[in-house]
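Structural overview
Below, each chain spelled out in residue letters.
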Amino acid sequence: MVRSSSLNGDSSASHRRTPSRTVTLGHIQPQAPSCRTVYCNDRDSNMPVRFKGNSISTTKYNVFTFLPKGLFEQFRRIANIYFLGISCLSLTPISPVSPITNVAPLSMVLLVSLIKEAFEDWKRFQNDMSINNSTVEILQGQQWVPIPWRKLQVGDIVKIKQDAFFPADILFLSSTNPDGICYVETANLDGETNLKIRKALERTWDYLVPEKASEFKGEIQCEQPNNSLYTFTGNLVVQKQTLPLSPDQLLLRGCSLRNTEYIVGAVVFTGHETKVMMNAMNAPSKRSTLEKKLDKLIITIFCVLLTMCLIGAIGCSIVTDREDLYLGLQKSDWEYHNRLAIGFFTFFTLITLFSSIIPISLYVSIEMIKFIQSTQFINRDLNMYHAETNTPALARTSNLNEELGQVEYIFSDKTGTLTRNLMEFFKCSIGGISYGCGVTEIERGIAQRNGLKVHEEERSTGAIREKGFNFDDPRLMRGAWRNEPDPDLCKELFRCLAICHTVLPEGDESPEKIVYQAASPDEAALVTAAKNFGFFFYRRTPTTVYVRESHVEKMGKIQDVAYEILNVLEFNSTRKRQSVVCRYPDGRLVLYCKGADNVIFERLADGMDDVRKVTREHLEHFGSSGLRTLCLAYRDLDPETYNSWNEKFIQAKSALRDREKKLDEVAELIEKDLTLIGSTAIEDKLQEGVPNCIETLSRAGIKIWVLTGDKMETAINIAYACNLINNDMKQFIISSETDAIREAEERGDQVEIARVIKEEVKKELRKSLEEAQLYMHTVAGPKLALVIDGKCLMYALDPSLRVTLLSLSLNCTSVVCCRVSPLQKAQVTSLVRKGAKKITLSIGDGANDVSMIQAAHVGIGISGMEGMQAVMASDFAIAQFRFLTDLLLVHGRWSYLRICKVVMYFFYKNLTFTLTQFWFTFRTGFSGQRFYDDWFQSLYNVFFTALPVIVLGLFEKDVSASLSKRYPELYREGIRNSFFKWRVVAVWATSAVYQSLVCYLFVTTSSFGAINSSGKIFGLWDVSTLVFTCLVIAVNVRILLMSNSITRWHYITVGGSILAWLVFAFVYCGITTSRDRNENVYFVIYVLMSTFYFYFTLLLIPAVSLLGDFIYQWVERWFYPYDYQIVQEIHRHESDASKADHLEIENELTPQEARSYAISQLPRELSKHTGFAFDSPGYESFFASQLGVYAPQKAWDVARRASMRSRPKVPKK
Amino acid sequence: MSSNMASSSAGSGDSSAARKNSKRPKCIDYSSALLSLTLLDSKFTQQELPACKPILTPGWVISTFLIVSVIFIPLGVISLFASQDVVEIVDRYDNDCIPAPARTNKVAFIQGAAPKSCNRTLTVTKRMKQPIYVYYQLENFYQNHRRYVKSRSDSQLRSPKFENQISACKPEDDAGGKPIVPCGLIAWSLFNDTYTLSRNNTPLAVNKKGIAWKSDKEHKFGNKVFPKNFQKGNLTGGATLNPDIPLSEQEDLIVWMRTAALPTFRKLYGKIETDLENGDTIQVTLQNNYNTYSFSGKKKLVLSTTSWLGGKNDFLGIAYLTVGGICFFLALAFTIMYLVKPRRLGDPSYLSWNRNPGGGR
């Protein structure tokens, strides 16, 4: 009772404090259209307004709209429109063919597409249903009642438990946490994995238990639903008090509750009106380059069609003669009125006749093939399945499979993509003594290069190994540090690690179960290290840090110590250090500081030169081993100094202008006269197999650019480690850290700075380009590499310099862009995409890679690690960078090859078919008489030749997967687009002309006389059916001839198609109907088969038509072989199974060895650098500010989660 | 984007899978993907179906060529022999059967009332065994013209019920309002030259039965359908039909109505069922009625025997022989080439990146 009354007093006090605000807000018209009023916990009052329900629907269609809308979607395709037009034409009398010829295939294609649409929509519907039916507890009467989400209404009071997702946008009322706060994870919204804090209004803290909550009768007046995630304005009217609401009280749908037992809230926006749904925007669908080229081919075919029709029309108008008595031409026949009319009508007649030249089923077949490729092959490839995170590859779109086979430029993010973003505490140096027995891979590489045997030190038994900690030295562990020369300094180091940070502990307060939420993984690693040294940081309140210290006073003693945190001097990129002022329980005041070596060394107290020198040596050593270093220092403060400083600090903190700057200045005052403790070294682990993958990809002719937000040193370091840069390369470094620029920056005039930087960048670019061109002209010039930082890039991307930048970077083998913003990542990507017209691929894992992923032709997200943002924006998601090898070299290359072959085959088979018709037209007086029966023609495409090509599109393999990876150079055929050139089209066209001529001429020439011993003669339909049979056989067998890998499915479908034709012919020719149809083909096949002649032609014609292609293929292979053909020949005796082993043996270097080798090539001057690399927590907001997005800076509110989120792992079976 | 968020929230709704999984239509839900990975780790999804990988090695190429030639050359020889057995006499008469004075205006002659009888003499150069088939051959006659082909009514031909189905037959559909049977341009333009053959002044019987395909006779032309109003339209057509004989017995018509594929075609006229000896002369008295002159079409009379493969048809044999020969030649040429200047199979130096090492840049 006492508590609640005091709370009430509080809230009324706060209410009194803001009377003016109440008044101003009172002016808002509650019922104005721009405003919504929600009566909490009162469904009846909300009734008249008719808020939307909470059920969502992401389906495209419903039962009624499906047909019209679905058909409309289909007819947005030009090919379908074309066939619709042709179908309409064929309804008119000028058509030589019955409408069935064109309507049947069209409806078949539409049917298949519609079924696919319906299937996909059904899946979406099921998803929606499962979402709509998940349960949430709402207040009914005086108890919590679970209801499905879809029944949730605006104004309901809901209870959300820990780790649950918010079902709607909810006004936060109360929480089980003290101070009415709760933690929210927004990874689904913005990809940020840090926890955000939301705070309820004090006035509503009480409504937690159902009895109390049922008394809550508030009225929420707020803005109308909108899509701005970061704004919310409104008032809560409770008991005639009007309280202003802010985004802090709004819990958005899509977020989840963390670190809080449960919260109670009132629903404000539901269903499609939630902010998250208002943001719903489908990612722009990408079309593959090959498909765009396919359009060109289709247009060309269309032109060919028009030409053919024109020839026919002219021919007809010349040839047609009224003297042909048997035609019974009369003056009254309007279509034969004069030559112009004849030509005109014949033209359209011929268009309907030759319409089959456009492969109608091409698009739907390709779609089907790609769909199976992505769902069955890419998604289920065990080579791309990451067992540790239980993540298979995921093709989120099936449009771009073949694009993967033509990628020339890869833009890669660094953190989380190339590196694991997994920092492990590896070594440290205390008071001039280096600890840690581990050997980094880089050191191992150096040793190996020098021919030394690396003796892997035995790890002491029971050495602790956990995430973030990979350190072993018996001298420090388990309290052994007490026996070291300077145990006090050790203690200071451990305390510094345990206290000086901004980490939030989460979970149980036991060393095994605790999870540290840190702004950067480095921090988490350091705190973890402290824990393992016996200084276990387990709890933090805004003012206190609790550390469970072991072995401090004597061995084995464990005590909990609470350190009062007085000030936190935050990390930022200019300060490059972070300090904490804390008060020991015994009153000792200490400043702990950690930061970059040069920054710390400047601020050390005098007279510790020895330690300083030794520590610097250690730092250099750590740096050259590829470790990230930090220097640690402390300073004892006396209370007077501190108090006077603290006043200044408070002043600065409350300053309204230039607060940042003032804080920095104040910090300078106290961060001096430090005592050096030592340094730490953290290993930034590369993702598995990255150097190897990069090596393979570059052999495949793919250029890899690294775009990272990291500092230049870190970026270059990683570039070396990844084999991207080596010492043989000529490097062009364009940095904003030059003296000229720094000088200008110190002067501080923004315009002046911009001008200077621009000039500098221009100068550098020009110079580098000249040099690069010089190297390009020499025969054996070195490979080139470009390193540029974000600030310079900003100016280099200026239209005036863009061309220079592009031509320079295209000459370089590798490019590293550091400190770039997400926007710049996208700009660089589209620079290459649009400027150089090359096919680009972006790969990244975080929210800051989204723009880049969307800007590239193909976007790839790394799944299974950070938030889903990158994956959501991507076209493909893979778990590891190294899977790119499989994705590009195997799946991409195959898809490209397959789609090319499928397209070419479609082109060929339709052209062959139509050309026989065309040749026939010449012998019919250009009258447009059809050669084939209607049903033959309509089923040719969709039935007699449809399946083998799909099998080809699924199973075609030139070389096996392991050979594709072993000979990455094969990929270049895709980059050069070797299989989809006009030359290839021409070859296929020639083949089509040849085969159609053979089929047509051979039959017509030889079937002139009697064709059996009883002197009978063939009619038109006998001849055409014979030609058709030959054609079906030749075209189907052609599939086998063009396949590099023939499975039993090939045989089944090819044989099946031919058989299908024969069965169809038997049935179709055997029936008569009572309807008046031209019984042209009645009994034809039986007549044919009763003659020897039939079998003689059936052997001769397909053989002759395929012989041409056979000879061509043989000549091509023998004299102008493709690379893959040579590779096939090299490995012609191997079975697939044995190849996998070969791969291991052939590559002499294991991934680790290759990497260490690369690192061993680090240049001298760089190896001198001490490896300081510590991503500042503020670096997210740095990007945000560059992008113009307002991101609130919060000291304690924002705690970025460590790289690996604590996902519940699926237990391994 | 948002739909995914929403969906992932549902994913957590059921407690077992709190993992973030995108449930976009095309995405596979991870947990179910895992299931399928374990269940469907098949050779299909791993793309390792057993397959035969044909490579055109010299051995394969040469043997293919050899096999083709080994099969084709005998077949060519066989069919050529069959064709050589056939004796064929062709006589073009369209020009010669116009009396010399009328040749300046053949159309006027053919349309006039002058007697059109004409005598031709054929000499048998090689013994012809019966049956000997008599054909007429027309050239430049577009029986496959679109307008011509469709001008018929199949149902009318089949059954008297459908007598009135004449819509396709224009302009020869009715005569004075009554449907023509058989209607249409094809029937109307029925060939009407007649041939009377005699050897050494003894008439040679020409059997005009059994010249049509059996299926046509039995199914397409009804035995209860009798010609009506035929050749009574405005236009002057070809032959007339005896209205007392059902269509199924009018084999001339049946043969004529199986329209030819090309503008040059033969049609069976009848057969002679006696052997003709070498040196026999055959007198043909023909009635030159059919007007091909207005479109300069040729008319020929053909007497021919047949082999098991049909009539005289050198094309098949020659084609087989040529292809077989070419294949044999190619096999030979390739063998020689391979022996003289071999290319090692799978020579890595042929790989493009080995040919110009700098090309990879």
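Please read these numbers as outputs of a predicted model, since none were measured by experiment. (Residues numbered from 1 in each chain as written. Chains lettered and ligands numbered in written order. Predicted model: local features only at pLDDT ≥ 70, side-chain atom pairs only at ≥ 80, totals over all residues. Heavy atoms only, no water.)

**Observations regarding the interface of chain A and chain B**
Residue-level contacts link 154 residues of chain A with 125 residues of chain B. Here chain A packs against chain B, burying approximately 12,700 Å² in sum over the two surfaces, 63% of which is carbon and sulfur. When residues of chain A are sorted by the area they lose upon contact with chain B, Tyr-326, Phe-1096 and Trp-1118 of chain A head the list and together hold 8% of the total. Taken together, the connections running from chain A to chain B amount to two salt bridges. Linking chain A with chain B are 23 residue pairs in polar contact (both at pLDDT 80 or more), by the criterion used here. Considering each element in turn, the side of chain A that touches chain B owes the most residues, 16 residues, to helix α38 (residues 1092-1119) of chain A. Grouping the amino acids of the side of chain A that touches chain B by side-chain chemistry returns 72 nonpolar, 49 polar and 33 charged. Bridge count for strand β34 (residues 1046-1047) of chain A against strand β1 (residues 51-52) of chain B is two bridges, and the pairing is antiparallel. Following the sheet pairing, Thr-1047 of chain A is matched in β1 of chain B by Ala-51 of chain B. (Contact = heavy atoms within 4.5 Å. Buried area = accessible area lost by both parts, 1.4 Å probe. Salt bridge = Lys/Arg side-chain N within 4 Å of Asp/Glu carboxyl O. Polar contact = N/O pair within 3.5 Å; in protein donor to acceptor, adjacent residues only side chain to side chain. Helix = DSSP H or I, 4+ residues; strand = E, 2+ residues; numbered from the N terminus. Nonpolar A, V, L, I, M, F, W, Y, C, P; charged D, E, K, R; others polar. Pairing = 2+ DSSP bridges.)

**Structural notes on the packing of aromatic side chains**
Per the counting criterion, the structure on display carries 90 aromatic pairs over all chains. Their ring planes at 65 degrees and their centres at 5.9 Å tell us that Phe-1018 of chain A and Tyr-1093 of chain A sit as a pair that is edge-to-face. Pair noted here: Phe-1018 of chain A is in the loop between α34 (982-1006) and α35 (1020-1042) and Tyr-1093 of chain A is in helix α38, with a separation of 75 residues, a long-range link. Like Tyr-1093 of chain A, Phe-1018 of chain A is buried. Considering the side-chain rings of Phe-72 of chain B and Tyr-320 of chain B, the 5.0 Å spacing of their centres and the 70 degrees angle between planes classify their relative orientation as edge-to-face. On the criterion of sequence distance, the pair formed by Phe-72 of chain B in helix α3 (residues 58-85) and Tyr-320 of chain B in helix α10 (residues 314-340) is long-range, its members being 248 residues apart. Judged by relative accessible area, which is 3%, Phe-72 of chain B ranks as buried. A cation over an aromatic ring shows up here: Lys-159 of chain A above the ring of Tyr-262 of chain A, its NZ or CZ 4.5 Å from the ring centre. (Phe/Tyr/Trp six-rings, centres within 6.5 Å; stacked < 30°, edge-to-face > 60°. Buried < 20%, exposed > 50% of the residue type's maximum accessible area, 1.4 Å probe, protein only. Lys NZ or Arg CZ within 6 Å of the ring centre and 35° of its normal.)

**Notes on the sheet that holds strand β7 (residues 194-199) of chain B**
Residue and element names in this part refer to chain B. Ordered in space as β3-β11-β7-β8, the four strands form an open sheet in which the pairing is antiparallel. Taken across any chain shown, the strands that pair with only one partner, and hence form the sheet edges, are β3 (117-123) and β8 (202-204). With strand direction ignored, the average angle separating the axes of adjacent strands in the sheet is 30 degrees. Pairing between β7 and β8: three bridges, direction antiparallel. Bridging across to β8, Leu-197 finds its partner in Leu-204. (Axes fitted to C-alpha atoms, helices over the stretch in contact; angles between N-to-C directions.)

**A word on a negative patch on the surface**
On the surface, a cluster of negative charge is contributed by Asp-606, Asp-609, Asp-610 and Asp-673 of chain A. Mapped onto the secondary structure, Asp-610 of chain A falls in helix α17 (residues 609-624). (Patch = residues over 30% accessible without salt bridge, like charges linked within 9 Å, V, L, I, M, F, W, Y side chains within 5 Å. Areas by Shrake-Rupley, 256 points an atom, 1.4 Å probe, with all protein chains shown as cover. Lys, Arg positive; Asp, Glu negative; His and termini not counted. Charge placed at Lys NZ, Arg CZ, Asp CG, Glu CD.)

**So, the nonpolar core**
Ranked by size, the top nonpolar core spans 143 residues in total, and within it Leu-294, Phe-980, Phe-1018 and Phe-1028 of chain A together with Phe-65 of chain B carry the most contacts. No other element matches helix α29 (residues 883-922) of chain A, which puts 17 residues into this core. The residues contacting Phe-980 of chain A, other than those within four sequence positions of it, are Leu-290, Lys-293, Leu-294, Leu-297, Tyr-896, Cys-900, Val-903 and Met-904 of chain A. (Core = buried A, V, L, I, M, F, W, Y, C linked by side-chain atoms within 4.5 Å.)

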